[in-house]
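Residue strings, one per chain:
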Amino acid sequence: MSPHIALLRAVNVGGRKVLKDDLLGLAKDLGFDDAKTLLASGNLVLWGKGGSDADIEQRLEDGLEKRMGLRTDFMVRSPDELKAIIAANPFPELAETRPNHLVVNFLKHPIPAGDLEVLRAAITGRERVEGGGKALYVDFIDGIGESMLDRDWKKTKKAPVGTARNWNTVLKLAAMAGL
């Protein structure tokens, strides 16, 4: 039985609390055979009750709203998709030297052609961005805490909907999924 990696957007910040027990209860409500969480930032690995990524995302989003009254996006990836994201890392040196400054933004939808250049042009700091499809890789060269990247991208009106995880978390999720 193949796992599904589900990542929540914008939880456990700004008063939008979703705890481990909430996620595990949601998985049980939706009929998944097993589920595990990682950290307190909306990371869930699910087994059983298959379907497409989009179908699972919809079920999780609807289920969370029903269970907790909270509507937020889920980004679901298959093991093969997560493997491909790891293999496509355009910053392999950062994965070794500064994995906490290397972030993968898992997108809800593929980034439209040309938007990556718009986003790059909006960056006022030293961050570097690569990728495409449903994953963007960001080198927060000066650290995430001081970055204005989110603000810069929102000004473009092309900021992609997604959720970010640092490289260490990406690798831990892969290990949880048996990759």
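Nothing here was measured: the structure is a model prediction, and the numbers come from that model.

Caption draft 1: Layout of helix H6 (residues 149–156). Regarding H6, the residues found buried are Leu149, Asp152, Trp153 and Thr156. Axial view of H6: buried residues confined to an arc of 95 degrees, hence all on one face. The exposed residues of H6 that point more than 90 degrees off its buried face are Lys154 and Lys155. Tucked inside the fold, the buried residues of H6 contact strand S5 (102–107), helix H5 (115–122), strand S6 (128–132) and strand S7 (135–139). Just downstream of H6, lysine 157 is the residue with a positive phi angle, here 65 degrees.

Caption draft 2: Seen up close, the environment of glycine 69. For glycine 69, the position within the fold is in the loop between helix H2 (53–68) and strand S4 (74–77). Glycine 69 sits 62 residues away from glycine 131 along the chain, and the two C-alpha atoms are 34 Å apart.

Caption draft 3: Looking closely at the sheet that holds strand S8 (residues 162–166). Read across the open sheet, the four strands follow the order S6-S7-S5-S8; overall the sheet is antiparallel. Single-partner strands in this sheet number two, and they are S6 and S8. Taken pair by pair, the neighbouring strands of this sheet meet at an average axis angle of 20 degrees, ignoring direction. Where S5 lies against S8, five bridges are found, and the strand directions are antiparallel. If you follow asparagine 105 over to S8, its bridge partner there is alanine 164.

Rules and cut-offs
- Residues numbered from 1 in each chain as written.
- Predicted model: local features only at pLDDT ≥ 70, side-chain atom pairs only at ≥ 80, totals over all residues.
- Heavy atoms only, no water.
- Buried < 20%, exposed > 50% of the residue type's maximum accessible area, 1.4 Å probe, protein only.
- Helix = DSSP H or I, 4+ residues; strand = E, 2+ residues; numbered from the N terminus.
- Arc of directions from axis to C-beta.
- Contact = heavy atoms within 4.5 Å.
- Pairing = 2+ DSSP bridges.
- Axes fitted to C-alpha atoms, helices over the stretch in contact; angles between N-to-C directions.

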